[in-house]
Each structure stands twice: as structure tokens, then as C-alpha cells.
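Chain by chain, the residues run as shown.
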Amino acid sequence: MKLAFISDIHGNAIALESVLKDLKKRNVDQIFVLGDICYRGPEPKRALELVQSLNTEVIKGNADEWVVRGVEEGEVPNQALEMMNKERDWTLSQLNEENINYLQNLPQELNLEYGRIKIHAFHATPASLFDVVLPFEEDTVIEDKLMVNSDADIYVYGHIHKPYIRYINGKCVINTGSIGLPFDGLTQSSYLLLNIDEETVQSSIIRVFYDVGSAIAKFNQLDYPNKETMVSILENAKI
């Protein structure tokens, strides 16, 4: 059984299309989407429609919550709050009521079971859409914030845009990285591929080249607020 976990698309439909082509080539059996579908990208509606076309399980990310109700004080640095709400308002203007209702009603976690393997998947942490748990945290921090479901064997999340695989006390913690806005210096989409059979479990971070220039061109054609910042992030894969 080949399972793919994708996250943090951020309105980058061009990157998402490249990843979906890669998934098809690899004959993936099931795709799961871990949130942040529309916000901070040039094609929020098309990205959402591509996700919906998968007819799969999708959970909510913090950026999906922001599209629904705006960015609130304390959730981002104070100096960024006004601009990020302008970006949210632009994103909202590209969507219809049905799109907003879809984002609002997304669940916040997945509990999956394949044979002997149990997987707990969420966007940031099981308790929050906003908490940041980075790759270099102490084992105890990872355990306290991410590994709260003691029955799970594998814990999968997105949110930080920096993919990694880590083993703690015989269990596996994995970050998918980002489809549309990688932050690790590689201008390539990333996702998690799990290959599970009766005897083995293989976990891999897959990197996919996409046409970054075309995504930037999309931004440059729009009246998107904070365009220069977003173009820089796409060009450098860093914030």
C-alpha cells in the first residue's frame, strides 16, 4: 500500500499539479492532504479545486482557518498582521461561499490504520493549528507536543515547511514539508511517501521539481498584496 501525505500547498496550483503527476507515476494508492490549501498563493481557487478533485480525506491547517475568519492578533508578529490580513482578504475575494464553507468544515486530524501500522496525522500539533514544532526540538518536546496518541506508530504533520524523518522510542515522526512554499532552501515541492506491506514500512521524503518561474509569473500578473515578499520566498525557498 502506497500512501502519500501532502501539505501546505498555499495556492500554488502549478506546484500541486507537478506533485500530482509524480504521484500518478508512482502508482500511489491513497493521498491525504494535511491543510493550508489556498492562502498566500496566486491561484487559491484552482488549488482548492485540484484538492477536491482527489476525493480524499483533507484536514484543516492554520491558513485555512485564516481564510475563514482572518488572522488574529498574537498569531503572527505584530508588524505582519495588517499585511497578512490584506493577503487573506485578497484570497477570500478569489473564493466563493461554497469554497469557504468547505474550508470551515474540515476536520483537524486523521487516525489511520493499515494492518499493524497506526498513523496519526494533523497539521501543526494535535492540540493546535498554530504551534510550531521544528526538526531540532528535544525528544521530550516532540513527545509532549506531537506524540500524544500513544497508540500510533507514525506521526505525520506539515505546517513548518521543512521536511524531516525522525525516530523516537521506536516510533516515527515525519514532517511532509511543503508543496507550494518550501522553507528549506530547495525550490522543490516535498511530500511524504509511505510504502506499507505485511513485513515492512518504508518512509521517504520525495522532492519534485516544478516550474517556479511560472508560479512567480502568476504573482506578477496579479494585484496581490505583498507580492514582492512572496516572489522572494518562491525564488529562494526561504523566509
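Counting restarts for each chain: residues are numbered from 1 in the order of the written sequence. For a predicted model such as this one, the threshold for reporting local features is a pLDDT of at least 70, and the threshold for listing and counting side-chain atom pairs is 80 or more; totals across whole chains, interfaces and linings nevertheless cover every residue. Values shown for side chains rest on all heavy atoms present in the structure; no hydrogens or waters enter the calculation.

1. Re the sheet that holds strand E5 (residues 154-157)
Next up, step 1: For two strands to be treated as a pair, DSSP must find at least two bridges joining them. Helix and strand definitions here come from DSSP, where helices need a minimum of 4 consecutive H or I residues and strands a minimum of 2 consecutive E residues; each element is numbered from the N-terminal end. Pairing in this open sheet of 5 strands is mixed, and the strands run E3-E4-E5-E7-E6 from one edge to the other. Edge strands, defined here as strands with exactly one partner in the open sheet, are strand E3 (109-114) and strand E6 (164-168). Neighbour to neighbour, the strand axes of the sheet diverge by 15 degrees on average, direction disregarded.
Next up, step 2: Pairing between E6 and strand E7 (residues 171-175): 5 bridges, direction antiparallel. Bridge pairing in E7 links Ile-165 to Ile-174. Interaxial angles span 0 to 180 degrees and are taken between N-to-C directions of axes, which are lines fitted to C-alpha atoms, for helices over the stretch in contact.

2. Brief notes about the packing of helix H1 (residues 13-25) against helix H2 (residues 44-53)
The axes of two packed helices give the description: the angle between them and the distance between them.
Next up, step 1: The contact between H1 and H2 brings their axes to 9 Å, and the two run at 25 degrees. Between H1 and H2, the crossing angle belongs to the class labelled roughly parallel. On the side of H1, the interface is formed by Ala-13, Ile-14, Leu-16, Glu-17 and Leu-20, while H2 contributes Arg-46, Ala-47, Leu-50 and Val-51.
Next up, step 2: All amino acids are sorted into three groups, where Ala, Val, Leu, Ile, Met, Phe, Trp, Tyr, Cys and Pro are nonpolar, Asp, Glu, Lys and Arg are charged, and the leftover types, Gly among them, are polar. Per-class residue counts for the contact of H1 with H2 are 7 nonpolar, no polar and 2 charged. In what follows, roughly perpendicular refers to angles from 65 to 115 degrees, roughly parallel to angles under 35, roughly antiparallel to angles over 145, and oblique to any angle outside these ranges. In what follows, a contact means two residues having at least one pair of non-hydrogen atoms within 4.5 Å.

3. Points about the sheet that holds strand E9 (residues 201-209)
Next up, step 1: Taking strand neighbours across the sheet as the criterion, the 4 strands line up as E2-E1-E8-E9 in an open arrangement whose pairing is mixed. With one partner strand each, in any of the chains shown, strand E2 (30-33) and E9 form the two edges of the open sheet. Averaged over all pairs of adjacent strands, the angle between their axes in this sheet comes to 25 degrees, without regard to strand direction.
Next up, step 2: Of the pairings in the sheet, the one linking strand E8 (residues 188-196) to E9 comprises 9 bridges and is antiparallel in character. Paired with Leu-193 across the bridge in E9 is Ser-204.

4. What about the pairing of E5?
Next up, step 1: The alternating pattern of E5 places Ile-154 and Val-156 and Tyr-155 and Tyr-157 on opposite faces, both of which are buried.
Next up, step 2: A crossover connection joins strand E4 (residues 117-122) to the parallel E5 through helix H6 (residues 139-145); in handedness this β-α-β unit is right-handed.
Next up, step 3: Note that E5 and E7 share 4 bridges and pair parallel. Each residue of the ladder has a partner; that of Val-156, found in E7, is Ile-174. Burial classes follow relative accessibility: with a 1.4 Å probe on protein chains only, a residue under 20% of its type's maximum area counts as buried, one over 50% as exposed, and anything between as partly exposed. When the strands point away from the viewer, a crossover counts as right-handed if the path from the first strand over the helix to the second runs clockwise.

5. Some details on the packing of aromatic side chains
Next up, step 1: Stacked, tilted and edge-to-face are the three classes applied to pairs of Phe, Tyr and Trp rings, where Trp contributes its six-membered ring and a pair requires centres within 6.5 Å; stacked means planes under 30 degrees apart, edge-to-face means over 60, and tilted covers the rest. Scanning the model with the defined rule gives 7 aromatic pairs in all.
Next up, step 2: For the pair Phe-219 and Tyr-224, a centre-to-centre distance of 5.0 Å together with 70 degrees between the ring planes defines the contact as edge-to-face. As far as burial versus exposure is concerned, Phe-219 and Tyr-224 are alike and both buried.
Next up, step 3: Counting every residue linked through ring pairs, the aromatic cluster contains Tyr-39, Trp-66 and Phe-130.

6. A word on the UniProt feature "domain: Calcineurin-like phosphoesterase" (unreviewed entry) in the protein chain
Next up, step 1: Summarizing the sequence annotation, UniProt attributes the feature "domain: Calcineurin-like phosphoesterase" (unreviewed entry) to residues 1-198 in the numbering used throughout.
Next up, step 2: End C-alpha to end C-alpha, residues 1-198 measures 10 Å, and it is 31% helix and 22% strand. UniProt positions are given in the numbering used here, feature names are shortened, and annotations may be inferred rather than shown by experiment.

7. Notes on the packing of helix H3 (residues 62-69) against helix H4 (residues 78-93)
Next up, step 1: Two elements in contact, H3 and H4, have axes whose closest approach is 9 Å; the angle formed by their N-to-C orientations is 75 degrees. Classed by the angle they form, the pair H3 and H4 counts as roughly perpendicular. Seen from H3, the contacting residues are Trp-66, Val-67, Val-68 and Arg-69; seen from H4, they are Met-84, Arg-88, Thr-91 and Leu-92.
Next up, step 2: Grouping the amino acids of the contact of H3 with H4 by side-chain chemistry returns 5 nonpolar, 1 polar and 2 charged.

8. Some remarks on the environment of Asn-96
Next up, step 1: Counting through the fold element by element, Asn-96 comes out in the loop between H4 and helix H5 (97-104).
Next up, step 2: Residue Asn-96 is classed as partly exposed on the basis of its relative accessible area, which comes to 34%.
Next up, step 3: Polar contacts, as counted here, are pairs of nitrogen or oxygen atoms within 3.5 Å of one another; within protein the pair requires one atom able to donate a hydrogen and one able to accept it, and residues that are adjacent in sequence qualify only if both atoms are side-chain atoms. Here the side chain of Asn-96 touches Asn-99 through a polar contact of 2.8 Å, landing on its backbone nitrogen.

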